[in-house]
Amino acid sequence: MRKLLLILFIFLLLPVYADEWDNFSDLDRAWDGQKSITNKEFEEAIDTLEGNKKKKEAKQRKKLIKKIGGGGTSLHPDLSPDSEIKSITPLRENDDGMLLNVPVNLIINKTPLEKGFYKVMAEKDKNGDIYLLFYQSQYFKGKVKANETHEDYNQENLDFVELLPYNDNFVKIIFGSLDFNAFAFVQYK
């Protein structure tokens, strides 16, 4: 008897839920009305989302700067919370020397120094005399006495070495470093 009541109950409820089963018959056509998206449109959508993320990061950075440096603006424009923090490279002594192109044969202490590239370093001895030392690779090639000067020769860098024409018999070698600036007149062939 229970089985009969159960079967009768199922047949009575079946027509009520039959309408809902009809909604699933259109499942095959569910994607018919959708628009296809091109790669360009997809990239634009991603760029928009990433742009919002960058704005959020910038806002968080601004809050952090305000928290650390205070909320006010400074009289000096470089100290403004909106400005980028510039990194300053520390000054260091150049122990490796600087490269100099010598296009003529120099005469150092009556010895010829051939054309080529030389690493030039300067040293100051106990007496305060300055010498320019010429190296090729690790080999010492010559030494010239130089005169100290306060002239920077309008060079952009602190460390510099340059060979300048002076007259028909001499060239002028200028040298600059963190410690001192110097020049020397050297005879050439």
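Above: the structure in question.
Residues numbered from 1 in each chain as written. Predicted model: local features only at pLDDT ≥ 70, side-chain atom pairs only at ≥ 80, totals over all residues. Heavy atoms only, no water.

A. Up close: the packing of aromatic side chains. For the structure on display, the rule yields six aromatic pairs. Judged by centre distance (6.2 Å) and plane angle (85°), the rings of Tyr118 and Phe134 are edge-to-face. Taken together, the residues Tyr118 in strand β4 (residues 116-124) and Phe134 in strand β5 (residues 130-136) connect sequence positions 16 residues apart. As far as the burial class goes, Tyr118 and Phe134 line up, both buried. Between Phe175 and Phe180, the ring centres sit 6.4 Å apart and the planes meet at 40°, which makes this aromatic pair tilted. Phe180 shares its class with Phe175; the two are buried. Put simply, the rings of Tyr166, Phe183 and Phe185 pair up and form one aromatic cluster. A cation over a ring is seen here: Lys143 above Tyr131, with NZ or CZ 4.7 Å from the ring centre. (Phe/Tyr/Trp six-rings, centres within 6.5 Å; stacked < 30°, edge-to-face > 60°. Helix = DSSP H or I, 4+ residues; strand = E, 2+ residues; numbered from the N terminus. Buried < 20%, exposed > 50% of the residue type's maximum accessible area, 1.4 Å probe, protein only. Lys NZ or Arg CZ within 6 Å of the ring centre and 35° of its normal.)

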